[in-house]
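# Structural overview
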Amino acid sequence: MSKGVYATSCISSSWKHESKYCTSVYGFEKEVLAKYGDRGKHVYRKCLGCFEGLPLASIIAGCVYTAHGGLFRSISVPSSKRSKGKKNRRIILNPEANGLSLGSLEELSKARRSVLDPPWEGLNLIPGDVLWSDPSMNPGLSPNRERGIGLLWGPDCTEEFLKKFDLKLIIRSHEGPDARKRPGLAGMIRVTR
């Protein structure tokens, strides 16, 4: 059983729909244009600017990682001369299986919120992962094929992420506590740390 701790909460960053793409698809843009008339385009641009200022994730009190979706992949090229500091470490879990490895907090700090729109490649990978990834009871890291964006990460990834970055808890808001009732996630009720 994993010693990693996982929690679901609605207090973490919950801004996944506040991108140009999502606000257009889900009706926010249309609503702003209708409500503000001639000033609608200006108000909409200002809203997008505010949304881009929101953090993708946060570290609270140096020990709690919060994100809307969860963990994220590394998009950097592995380097044998990478710094030994915790913030620079990449986590590689079964890289042979699918070529994926968890990213570092340094990579997360460099990710830009302004790249939240499709296509989900290149610089959009980390923001897409942070906002759309889901935990899984299956070990390892894999593409989240059900959503078509983000990752699925197992208890081993949770444990390794917490250990490498000296964290105690992951809080996410992508799904409420009812997610634990989803098939295959019942084991998340057990907290062993």
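Here's a quick rundown of the structure. (Residues numbered from 1 in each chain as written. Predicted model: local features only at pLDDT ≥ 70, side-chain atom pairs only at ≥ 80, totals over all residues. Heavy atoms only, no water.)

Let's shift gears to the packing of aromatic side chains. The final tally for this structure, using the stated rule, is five aromatic pairs. On the basis of an interplanar angle of 55° and a centroid distance of 5.7 Å, the ring pair of Phe 28 and Phe 51 is categorised as tilted. One end of the pair, Phe 28, is in helix H2 (residues 28–36); the other, Phe 51, is in helix H3 (residues 40–52), and 23 residues separate them in sequence. For the pair Phe 161 and Phe 165, a centre-to-centre distance of 5.1 Å together with 65° between the ring planes defines the contact as edge-to-face. Classification of Phe 165 by relative accessible area gives buried; the value is 7%. Members of the aromatic cluster, joined through ring pairs, are Tyr 65, Phe 72, Phe 161 and Phe 165. (Phe/Tyr/Trp six-rings, centres within 6.5 Å; stacked < 30°, edge-to-face > 60°. Helix = DSSP H or I, 4+ residues; strand = E, 2+ residues; numbered from the N terminus. Buried < 20%, exposed > 50% of the residue type's maximum accessible area, 1.4 Å probe, protein only.)

Moving on, we come to the nonpolar core. Tyr 65, Leu 71, Phe 72, Leu 108, Val 130, Leu 141 and Phe 161 are the most contacted members of the largest nonpolar core, which totals 24 residues. Take this core: its biggest share by element is four residues, from helix H6 (residues 125–132). Excluding its chain neighbours within four sequence positions, the residues that come into contact with Phe 72 are Tyr 65, Ser 101, Leu 102, Gly 103, Ser 104, Leu 108, Ile 126, Asp 129, Val 130, Leu 151 and Phe 161. (Core = buried A, V, L, I, M, F, W, Y, C linked by side-chain atoms within 4.5 Å. Contact = heavy atoms within 4.5 Å.)

Taken as a whole, this structure holds six salt bridges when the rule is applied. The shortest N-O distance in the salt bridge between Asp 134 and Arg 172 comes to 2.8 Å. With Asp 134 in strand S4 (residues 134–135) and Arg 172 in strand S7 (residues 169–172), the pair connects residues that are 38 residues apart, well separated along the chain. The pair Asp 134 / Arg 172 is uniform in exposure class, with both members buried. Residues joined in a network through salt bridges with shared partners are Asp 134, Arg 147 and Arg 172. (Salt bridge = Lys/Arg side-chain N within 4 Å of Asp/Glu carboxyl O.)

On a regular strand, one side chain projects to one face of the sheet and the next to the other, so that they alternate. Every second residue of strand S3 (residues 64–67) is oriented toward a common face, with Val 64 and Thr 66 on one face and Tyr 65 and Ala 67 on the other, all of them buried. Inspection of the sheet shows strand S2 (residues 57–60) paired to S3 by four bridges, in the antiparallel sense. Each bridged residue has a counterpart across the sheet, and for Ile 59 the counterpart in S3 is Tyr 65. Taken together, S2 and the strand that follows it, S3, pair antiparallel across an intervening segment of three residues, in which Ala 61 is found at a positive phi of about 55°. Alignment of S3 against S7, held across four bridges, turns out to be parallel. The residue of S7 that forms the bridge with Tyr 65 is Ile 170. (Pairing = 2+ DSSP bridges.)

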